[in-house]
Structures are given as structure tokens and as C-alpha cells.
Amino acid sequence: FFSSRRRHTRFKCDWSSDVCSSDLARWSVGLTNPDRPGQLLGAIDLDHGAVATVSDGTRTPHGTPPAPGQPIDPRTLQPSHASLSATVVSPDGTMADALAHAVFVFGPDAGLRLLAQFPGTWGVVFAHDAGSRQAPRITPGHEGAFHPVR
């Protein structure tokens, strides 16, 4: 889901890996719910760069073979269950995609610490909290760029 105040805009998107960039001064991207396709969890505002999202919409139970396209943790060679989705904004689309995969596998805490090592890069990670609700974690300093759906 993309939004802009301009009628004619230019986006560069690679939907096979959920990466998109634009030359707009300001644009928004909706973050969908991996548990309920078509439902938005919120949106982020961008003023530069590219955005990439990795989600676990094909989740399988622990101990079962991974579904096609399901993110794998290379440390265990098993499907990663550390996150529900990870969205990364970066000056470079390839970097955004690579970091979104890493953040997804590492989970919110380690993933957001990883993003802090890359200038101009930030993200939003959804994971289940202790009450099994979907809780967003946002890179410190960028909380104002995320707008949850109420």
C-alpha cells in the first residue's frame, strides 16, 4: 500500500522481494498483518530511500518443514519464528532487503541493534508480546514515522 499527495508519482518496486523506492519528497507505506492478509497494522512515513519488508505469512509449526518462501534462520536451518514481520528503510534498496531478512531472523531486540550500525537506516519489527498480541518495535528516534491502525 503506497500513498502520496501527488497524482503522478514514480515508484521503483520489485514485488518478488517486497522492495520499493521513490523519488517523492514524502510518501507512506502500509504495513500489512501477516496473520490476516489484507489488514493493515499501520503505516510508515518516508522522506528518502527504499523500503523492504520480510514477513512470515507462510508460518509453519515448530519442527515441520518450511513452506516455500518462509524465512530460514541460517544458524539452525529451521524456519525463523523470532518476528512476524520486519520492515527496513535504507538509502539503498539492496541493503534494505538484506537487512530486513537479517532483522526478521534476529528478532526485534537484536535486529534493531543491528540497524543502529547502519547510518540512515531504521526499521519497524512486529513480534508477539507476552500476551500474544502483535507489538511493534521501532528504531529509537523514528517512533513518529510509524502510525498504527486503531
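Residues numbered from 1 in each chain as written. Predicted model: local features only at pLDDT ≥ 70, side-chain atom pairs only at ≥ 80, totals over all residues. Heavy atoms only, no water.

**Some points on the overall build of the protein chain**
Then comes step 1: On a plain count of helices and strands, the protein chain comes out with 2 helices and 12 strands.
Then comes step 2: Scanning the protein chain from its N terminus toward the C terminus, one meets helices and strands in the order β-β-β-β-β-β-β-β-β-α-α-β-β-β.
Then comes step 3: In the protein chain, of all internal contacts separated by at least 6 residues, the share reaching a separation of at least 24 is 50%.
Then comes step 4: When the accessible area of the protein chain is evaluated, it comes to approximately 8400 Å², of which 55% is carbon and sulfur surface. (Helix = DSSP H or I, 4+ residues; strand = E, 2+ residues; numbered from the N terminus. Contact = heavy atoms within 4.5 Å. Areas by Shrake-Rupley, 256 points an atom, 1.4 Å probe, with all protein chains shown as cover.)

**Quick notes on the packing of aromatic side chains**
Geometry of an aromatic ring pair is reported as the spacing of the ring centres plus the angle between the planes.
Then comes step 1: One pass over the structure, following the stated rule, counts 1 aromatic pair.
Then comes step 2: Taking the centre distance of 5.9 Å and the plane angle of 65° together, the rings of F126 and F146 count as edge-to-face. Taken together, the positions of F126 in strand β10 (residues 122-128) and F146 in strand β12 (residues 146-148) put the pair 20 residues apart, joining distant regions of the chain.
Then comes step 3: The exposure class of F146 is buried, given its relative accessible area of 7%. (Phe/Tyr/Trp six-rings, centres within 6.5 Å; stacked < 30°, edge-to-face > 60°. Buried < 20%, exposed > 50% of the residue type's maximum accessible area, 1.4 Å probe, protein only.)

**Observations concerning the pattern of salt bridges**
Then comes step 1: Going through the model one piece at a time under the given rule, you end up with 2 salt bridges.
Then comes step 2: A salt bridge links D73 to R75; the nearest nitrogen and oxygen atoms lie 2.8 Å apart.
Then comes step 3: Residue classification places D73 among the buried positions, given a relative accessible area of 9%.
Then comes step 4: The exposure class assigned to R75 is exposed, which follows from its relative accessible area of 57%.
Then comes step 5: Of the charged contacts, one joins R137 and D109 as a salt bridge, the two residues approaching to 2.6 Å between their closest N and O atoms. Placement of the pair is R137 in strand β11 (residues 134-138) and D109 in helix α2 (residues 108-115), with a sequence separation of 28 residues.
Then comes step 6: Owing to a relative accessible area of 43%, D109 belongs among the partly exposed residues under this scheme. (Salt bridge = Lys/Arg side-chain N within 4 Å of Asp/Glu carboxyl O.)

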